[in-house]
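# Summary of structural features
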Amino acid sequence: MTALNRNPTEDGIALTPATQERVTLNVTGMTCAACQSFVQRTLASQVGVQDATVNLMLNNATVIFDPGKTSTEALVEDIRKTGYGAEVSKLDGSFLIEQEINDKEQFREYKQLRLKAIVSFSTGLLAMLLSMPLMSMNRAGPIGQMQDPLMRWNMRVLDPLLRNTMPWIYRLRGDEIRWFLLILSTLVVYWAGRGFYVKAWSALLHKTADMNTLVAIGTGTAFLYSAAITVAPGFFRAHGIAPDVYYEAGLLIIGLVLTGNALESRAKERTMTALRKLVQLQPKTATVMRNGTESNLPIDSIQHGDLILVRPGERIPTDGEVITGRSSVDESMLTGESLPVEKAARDRVIGGTLNQLGSFQYRATTLGAGSTLAQIVRLLRDAQGSRAPIQRIADRISAVFVPTVLGIAILTFVSWRIFGHDAGIMQAFAAAVTVLVIACPCAMGLAVPTAVMVATGRGAAQGILVKGGETLQRMEKIDTVVLDKTGTITSGRTVVTDVLLAEQSDSKLSQQQTQEIEDHLIRIAASLERASEHPLAAAIVNFAGQRQLSLPSAEDFASLTGLGITGSVDGERALIGNSALMAKFSIDTEALESASERLSAEGKTPLFIAINNRLAGIIAIADTIKPTSVEAIRQMHAEGLRVVMLTGDNQRTADAIARVAGIDEVISGVLPAGKVDAIKRLQENHHIVAMVGDGVNDAPALAQADVGFTMASGSDIAMEAGDVTIMRSDLSGVAMAIALSRGTMRVIRQNLFWAFLYNVIGIPIAAGALYPVFGLLLSPVLASAAMALSSFSVVTNSLRLRSMKLA
């Protein structure tokens, strides 16, 4: 599989697509940006790895590597050696089922985190209540002197209330309370908080640190200190230290961190709503017709060429072509198009779409991983697992964040011991623990991937498939949109737009006579054009079919290159072509010359028709502008975009279409090979260019543009070349995609700003920066609550993209 190389060469040998493989690995155990950064650095440093992307939100790693130098098994082992779990993600025909399994696993993880958080937090509150008598006995000690809002509230409000409602607690001996809390805390910490300590130890063995390190050191220190006091309280009294224990701090911190993880997990689950909805579109079974018998079979049992029956209200099992029957199909979940699409024989249907009123039978043509739904899910998963370049800011900070925080915590402890004259060792200890707890790189690590996941999911719901975070970021800077004309601005199908009669100026003709003469002219023209292979011929033949005119066979048919065609129909000699053809046969066209010029100015192709050596009329043909194109171009202008049309048409025709569509600039007379040069010229003038096309000849220009948009009607080659696929043949998706990009980048910058500001403000406050002026300190418990809310707020801010107005 081809991919972009991180380095153009390795060991002096140029890498070609043939030397690349791509694999997605499921990674377990990552909890923060530091974890993600560590796994990514580990993979990137392996011999043969060309690129590695680790996604904290999806808990996976996408690796592009040289199979001659390493293997998938070796990469899995490299991750496992770091202390994280890893296995290969099976992106084959069953990956829709795999996604369902992943969703269930994520929900199970959320419920487990929630249970552990509830138990830890409840136990922490119980420990706080039982610690009140101990705190009262030592009110004059360091904790009593601390101006921590939580501790101050405990002593002023909770302590008197507890004395009045539960006086028996104050009659318990201090040793009894401490030993009970030691046993209770040990059980809860081992069950609920064990993961923090295991991962922190693994990180230490690999000479790195992450969020687990901060939590483990903060809570572990509080627990070990309290356990030491419980075992030998006399030793601490002898050294002038009150035998207070802080089991509640460790339990509450673990409970709050787990609460934050649970909220984060739940919010992450919401960011994957679009992907989940897509997976749920595929029905589990299908009604298959084999040997004249109906069978209800599992979706995996469908074979290529099977005849499938779809009844009203059922979802279409897989892609195929209608054989018999008619219906309307709701394709909105895949294309974003709200109106149902009529389906009849020979029409293509897409697996996962919803049949409405009618019934039909269709033949299965594309199964498994090759189906449209499976490809959309794969593209969305790849996009949500990709990285935006702005993520590098968070990566660089995360790489040094935890070691820096550990250094600040040590400095905080030392500073309190040296400069805090009225503070005891416990106040210095509490400040250091608070610094460890409040500093968390989670928010920084979630700032970009959460926004990318929500944005790509929102785009998919609108029928806009963005290939990844890099594309989202590049789209923000687009200032020029280049539109291919045929099939993009226009429908790509020529139709008859006007029929003008040479005798129409005669006021004596009745409406019925005019209709009869028109039908006769169209019948003659269509009969003759039926023998032609010219692209315009089909438009006239189809027009005659719409009028239900019978078409006799033409005789003496001849095609004159560059002029038109001649022949006889029912004994009448007919000529169809341009003015040069009429001149060649001495046909006077003066009566319709002005009409011909007007039609040409409107971007239409006028064909003169002569019958029996006399001018009969004009049939005008055009590739009509799509009804949605004008509004879509208006939306682009509203986004401040310059719109350019690129076409092989002559300047006059191109200008006419541009005038109707509201296009700013026209580049006409461009051959397919010249499209790339046209894009390059715009880029050389410092424009950030998006190219929108749908044909094979557009693929090089799509690749050259800063961002390539392909329409759903386009070829597979064009879709591979493009960065964004619009699943409906509607230009409004382009403006929506750019608006989505700009909104996403705003949210990402907000996330990074607030995540960074949180630590810039929070760490100094935790260290005691406000104490000299305001006498205010934070407890580790309040710090852990702030840390949990910081991650949750980043994910919640990203979720705003789900309701952002795109058009």
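Residues numbered from 1 in each chain as written. Predicted model: local features only at pLDDT ≥ 70, side-chain atom pairs only at ≥ 80, totals over all residues. Heavy atoms only, no water.

## Re the overall build of the protein
Along the backbone of the protein there are 30 helices and 28 strands. Partitioning the contacts of the protein with sequence separation of at least 6, the portion at a separation of at least 24 is 69%. About 35200 Å² of surface is accessible on the protein, with carbon and sulfur atoms providing 57% of the total. (Helix = DSSP H or I, 4+ residues; strand = E, 2+ residues; numbered from the N terminus. Contact = heavy atoms within 4.5 Å. Areas by Shrake-Rupley, 256 points an atom, 1.4 Å probe, with all protein chains shown as cover.)

## Observations concerning unusual backbone geometry
At Asn291, a residue that is not glycine, the phi angle is positive and equals roughly 55 degrees. Relative to the elements of secondary structure, Asn291 occurs in the loop between strand S7 (285-290) and strand S8 (293-298). With a relative accessible area of 82%, Asn291 lands in the exposed category. For Asp556, which is not glycine, the phi torsion reads 55 degrees and is therefore positive. By the element assignment, Asp556 lies in strand S19 (residues 554-560). (Buried < 20%, exposed > 50% of the residue type's maximum accessible area, 1.4 Å probe, protein only.)

## Quick notes on the sheet that holds strand S9 (residues 307-310)
Taken in spatial order, the six strands of this open sheet run S8-S7-S9-S15-S10-S13, and their pairing is antiparallel. Every other strand in the sheet has two partners, leaving S8 and strand S13 (348-349) as the edge strands with one partner each. (Pairing = 2+ DSSP bridges.)

## So, the packing of aromatic side chains
This structure, assessed with the given rule, holds six aromatic pairs. Judged by centre distance (6.1 Å) and plane angle (35 degrees), the rings of Phe107 and Tyr110 are tilted. Taken as a pair, Phe107 and Tyr110 lie in helix H3 (residues 95-137) at a separation of three residues, close to a single helical turn. Looking at Tyr110, the relative accessible area reads 13%, which means it is buried. Considering the side-chain rings of Phe223 and Tyr247, the 5.9 Å spacing of their centres and the 70 degrees angle between planes classify their relative orientation as edge-to-face. Residue Phe223 is located in helix H8 (residues 211-231), and its partner Tyr247 is located in helix H10 (residues 247-271); the two are separated by 24 residues in the primary sequence. One cation-aromatic arrangement involves Lys116 over Trp191; the distance from NZ or CZ to the ring centre is 5.9 Å. (Phe/Tyr/Trp six-rings, centres within 6.5 Å; stacked < 30°, edge-to-face > 60°. Lys NZ or Arg CZ within 6 Å of the ring centre and 35° of its normal.)

## Side note on the nonpolar core
Judged by nonpolar contacts, the single largest core of 77 residues is most densely connected at Leu43, Met475, Ile478, Val481, Leu483, Met636 and Phe709. Sequence-distant contacts of Ile478, that is, excluding residues within four places in its chain, are made with Leu641, Ile688, Ala690, Val707, Phe709, Ile738 and Arg742. Grouped together as the second largest cluster of nonpolar side chains are 57 residues, Tyr225, Ala262, Val435 and Leu778 included. (Core = buried A, V, L, I, M, F, W, Y, C linked by side-chain atoms within 4.5 Å.)

## Digging into the sheet that holds S19
If you walk across this open sheet you meet the six strands as S18-S23-S22-S21-S20-S19, and the pairing is antiparallel. Each end of this open sheet is capped by a strand with a single partner; those strands are strand S18 (490-501) and S19. Taken over all neighbouring pairs, the strand axes of this sheet differ in orientation by 20 degrees on average, direction set aside. Two elements, S18 and strand S23 (residues 615-625), share eight bridges in a ladder whose sense is antiparallel. Bridged to Leu500 within S23 is Ile618. (Axes fitted to C-alpha atoms, helices over the stretch in contact; angles between N-to-C directions.)

## Some details on helix H2 (residues 72-81)
What H2 keeps buried is the set Thr72, Leu75, Val76, Asp78 and Ile79. One face of H2 carries all of its buried residues, which in axial projection span an arc of 155 degrees. Looking at H2, the residues exposed on the side facing more than 90 degrees away from the buried face are Glu73 and Lys81. Positive backbone phi, approximately 100 degrees, marks Gly83, located one or two places after H2. (Arc of directions from axis to C-beta.)

## Regarding the pairing of strand S17 (residues 480-484)
Within S17, five of the five residues are buried, which leaves it mostly tucked inside the rest of the structure. The side-chain alternation of S17 yields two buried faces, one formed by Thr480, Val482 and Asp484 and the other by Val481 and Leu483. Bridge analysis of S17 against strand S26 (residues 689-693) gives four bridges, and the strand direction is parallel. Across the sheet, the residue bridging to Val482 is Met691, located in S26.

## Side note on the environment of Met691
Mapped onto the elements of the fold, Met691 is located in strand S26. The exposure class assigned to Met691 is buried, which follows from its relative accessible area of 0%. A sequence separation of eleven residues divides Met691 from Leu702, and the C-alpha atoms of the two residues are 5.6 Å apart. Residues contacting Met691, with those up to four places away along its chain left out, are Val482, Asp484, Leu646, Ile679, Asp698, Ala701, Leu702, Ala705, Val707, Gly708 and Phe709.

## Concerning the pattern of salt bridges
With the rule as written, the count across this model stands at 15 salt bridges. Between Glu294 and Arg311 there is a salt bridge; the shortest N-O distance is 2.8 Å. Here Glu294, found in strand S8, pairs with Arg311, found in the loop between S9 and strand S10 (319-325); they are 17 residues apart in sequence, far enough to count as distant. The structure contains a network of salt bridges with shared partners spanning Glu470, Arg474 and Asp723. (Salt bridge = Lys/Arg side-chain N within 4 Å of Asp/Glu carboxyl O.)

## Some details on helix H6 (residues 174-192)
Residues spaced three or four apart along an α-helix face the same direction, because each turn holds 3.6 residues. If you check H6, its first and last C-alpha atoms are 26 Å apart, about what 19 residues at 1.5 Å a residue would give, namely 27 Å. Among the residues of H6, Gly174, Ile177, Arg178, Leu181, Leu182, Leu184, Ser185, Val188, Val189 and Ala192 are the ones counted as buried. (Expected span 1.5 Å × (residues − 1).)

## Let's talk about the side chain of Asp723
Its place among the elements puts Asp723 in the loop between helix H27 (716-721) and strand S28 (724-726). With a relative accessible area of 15%, Asp723 lands in the buried category.

## Quick notes on the packing of helix H23 (residues 629-638) against helix H28 (residues 732-767)
Two packed helices can be described by the angle between their axes and the distance between those axes. Remark: H23 packs on H28, axes separated minimally by 7 Å, with the N-to-C direction vectors making an angle of 25 degrees. By the angle between their directions, the pair H23 and H28 is classed as roughly parallel. As H23 packs across H28, the resulting crossing turns out to be left-handed. In this structure, H23 uses Ala632, Gln635 and Met636 to contact H28, whose residues at the interface are Ser732, Val734 and Ala735. In the contact of H23 with H28, the residues fall into four nonpolar, two polar and no charged. (Parallel < 35°, antiparallel > 145°, perpendicular 65-115°, else oblique. Left-handed = near helix turned anticlockwise from the far one by under 90°. Nonpolar A, V, L, I, M, F, W, Y, C, P; charged D, E, K, R; others polar.)

## Observations concerning the pairing of S7
Where S7 and S8 come together, six bridges link them in antiparallel fashion. Bridge pairing in S8 places Met289 opposite Glu294. In sequence, S7 turns back onto S8 through a hairpin of two residues, with Asn291 there showing a positive phi of about 55 degrees. Note: S7 against S9, three bridges, orientation antiparallel. By the bridge assignment for S9, Thr287 is matched with Leu309.

Read these as spatial facts, not as claims about activity.
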